[in-house]
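Descriptive analysis of the structure
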Amino acid sequence: MSNKSKIKATYFIGIGGIGMSAVARYFNKTGILTCGYDKTPSSLTDSLSKEGINIHFEDDIKLIPKNILDIEKDSLLIIYTPAVPDNHSELRYFINSGYKIHKRSEILGEITNKFKTVAVAGTHGKTSVSTIIAHIFKHSGLNVNAFLGGISKNYNSNLILSDNPENAEFAITEADEFDRSFLQLNPYSTVVTAIDEDHLDIYKDIYDIRQTFEKFINQTDKSGNLLLKEGLKLNKNCFPNNVYTYSLEKDADYYPENIHTDANSSTFELITPTGKIENLKINIPGNMNIENAVAAAAIANIHKIKDELIREALKSWTGVKRRFEYVINTPDLVYIDDYAHHPEELKSLLNSVRDIYKDKKITGIFQPHLYTRTRDFADEFAESLSLLDELILLDIYPAREDPIPGITSKIIFDKVDIKNKILINKDQLLENININDPEILLTIGAGDIDRLVDSVRKLVLKI
């Protein structure tokens, strides 16, 4: 990235992505002209437009704003997401015209490397953990910027800024393993929540994934901190000086005791290397959420944030959109929307729901994400989805991928070991939900299933 004092404008190709939009918001909020393209309008692009960012939705060079093209090349930052195809006409125009093109991960690294960064990595759990950490730091009065992979319900944004963003002390960021993006980061403190097989279109196998995580960990400041989920298989030679572990179980430096959970909240005490933080409460139930809170509280404790501030922040944390998000929560009907798109995430979600609602019928609507992930994990998806009482399985959401011959949702469906299951396309969903007897209803997936949430809500409430 050029010296930021020279940057007069930024142009984002794929601005509506959750990671892209946080960086776009940062430039816009710091007074730099920000515009962009995205394939499809969404609630996120609507929010960006209301914040003054000019966005269009057709891949057409003529739609690039004139005030962008009038800026000299060295003062215009072009940022794109790897999800954009190589033949995208706007991307090709900027490349062929001699502009320097940057991936989002490169720019995020340039921004956050100016601050004392806490980076949260992991094949699942990183969005929730980074969002809780950001809330604890912000609530505690620390001068912090946060770049999140989800919309924090406390701030209604995936970007949290200090009063003086350019001179913040801390940055909190999600460290994304896709496309090895997190190798652009040089954290002061690193959190790793999980290392499972995923993104096998990028990585050769689990060993390649672990080695890349180790390389990322090795970029942590040697005087900084590393917090690991207990049990991760890693080469400890790459670790910084201060290494801690966390878990739901006792064999870790940080773990919860005296857990009590109901349909609305969870309480626990946090055991630390030096004592106990008592009377912790989160207003979201489930073991997966307790574990995320433990990780966030642990890194806050490592950074010497006072127990009382951690306690207050956890109690006031309201969650992340599409992460165990209650759409309806009544005695007769519960509807939860969740972003889970990996078999381990699914298993964790469904076990948490089952633990809370032991005697209730659980109906899950799942939209697989990516042909490659479906191909690589069909057996594991089927095993996790078999934890449901009823399954409505939708077609694969392709995202950046072209179809793969023979790979459809049916290869999961045929392996799911429950009686009550149907396979339909997304357009048939509303007519296939039995509105007379849902008890626990889940919509699950990382594609565009979230655009049906309000319609499903109205249907089951008979509005």
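I will try to describe carefully the structure that is included in this document. (Residues numbered from 1 in each chain as written. Predicted model: local features only at pLDDT ≥ 70, side-chain atom pairs only at ≥ 80, totals over all residues. Heavy atoms only, no water.)

Quick look at the pattern of salt bridges
Under the convention used in this document: A pairing counts as a salt bridge when a side-chain nitrogen of Lys or Arg comes within 4 Å of a carboxyl oxygen of Asp or Glu. Numbering goes from the N terminus for both helices and strands, where a helix is a DSSP run of H or I of at least four residues and a strand is a run of E of at least two. Only protein chains enter the accessibility calculation, which uses a 1.4 Å probe; a residue whose area is less than 20% of its type maximum is buried, one above 50% is exposed, and one in between is partly exposed.
According to the stated counting rule, one finds 25 salt bridges in the structure shown. One salt bridge connects aspartate 179 with lysine 103, and the closest N-O pair in it is separated by 2.7 Å. With aspartate 179 in the loop between β9 (170-175) and β10 (189-192) and lysine 103 in strand β5 (residues 101-103), this pair connects stretches of sequence that are 76 residues apart. Taking relative accessible area as the criterion, lysine 103 reaches 29% and is therefore assigned partly exposed. In this structure, a network of salt bridges that share partners links the residues Asp454, Arg457 and Lys458.

Some words on the sheet that holds β5
Put simply, the rule reads: Here, strands pair whenever DSSP counts at least two bridges between them. Convention adopted: a line fitted to C-alpha atoms gives each axis, helices being fitted over their contacting stretch, and angles between N-to-C directions are expressed from 0 to 180 degrees.
Sheet architecture is open: five strands sit in the order β3-β2-β1-β4-β5, paired in parallel fashion. The open sheet has two free edges, formed respectively by β3 (54-56) and β5, since each of these has just one partner strand. Within the sheet, the average angular offset between the axes of one strand and its neighbour, ignoring direction, is 25°. Bridge count for strand β1 (residues 9-13) against strand β4 (residues 76-80) is five bridges, and the pairing is parallel.

Thoughts on the environment of threonine 220
Keep this limit in mind: Between N or O atoms, a polar contact is any pair within 3.5 Å; within protein, one atom must be a potential hydrogen donor and the other a potential acceptor, and residues adjacent in sequence are included only when both atoms are from side chains.
Within the fold, threonine 220 resides in the loop between α7 (206-217) and β11 (225-229). Between the C-alpha atom of threonine 220 and that of isoleucine 277, which follows or precedes it by 57 residues, the distance is 27 Å. In this structure the side chain of threonine 220 is engaged in a polar contact, spanning 2.8 Å, whose partner is the backbone oxygen of isoleucine 217.

So, helix α5 (residues 104-112)
Short version of the rule: The criterion used for residue contact is that any of the two residues' heavy atoms lie within 4.5 Å.
Extensive coverage of α5 is indicated by the burial of seven of its nine residues. Taken residue by residue, α5 has Arg104, Ser105, Ile107, Leu108, Gly109, Ile111 and Thr112 as its buried positions. In the core, the buried residues of α5 are packed alongside α1 (18-29), β4, β5, β6 (116-121), β7 (144-152) and β9.

Concerning the packing of helix α6 (residues 126-139) against helix α8 (residues 287-302)
For the record, the criterion: In these notes the angle categories are as follows: under 35 degrees is roughly parallel, over 145 is roughly antiparallel, 65 to 115 is roughly perpendicular, and the rest is oblique. Rotating anticlockwise by less than a right angle from the far helix to the near helix defines a left-handed crossing, while the corresponding clockwise rotation defines a right-handed one. Three classes are used: nonpolar for Ala, Val, Leu, Ile, Met, Phe, Trp, Tyr, Cys and Pro, charged for Asp, Glu, Lys and Arg, and polar for all others, with Gly counted as polar.
Contact geometry for α6 and α8: axes closest at 8 Å, N-to-C directions at 45°. Viewed along their axes, α6 and α8 adopt a mutual orientation that is oblique. The hand of the α6/α8 crossing is right-handed. Contacts between α6 and α8 involve Ser128, Val129, Ile132, Ile133, Ile136 and Phe137 from the first element and Asn292, Ala293, Ala295, Ala296, Ala297, Ile299 and Ala300 from the second. Taken together, the residues of the contact of α6 with α8 break down into eleven nonpolar, two polar and no charged.

Function cannot be read off these values alone, since they describe shape.
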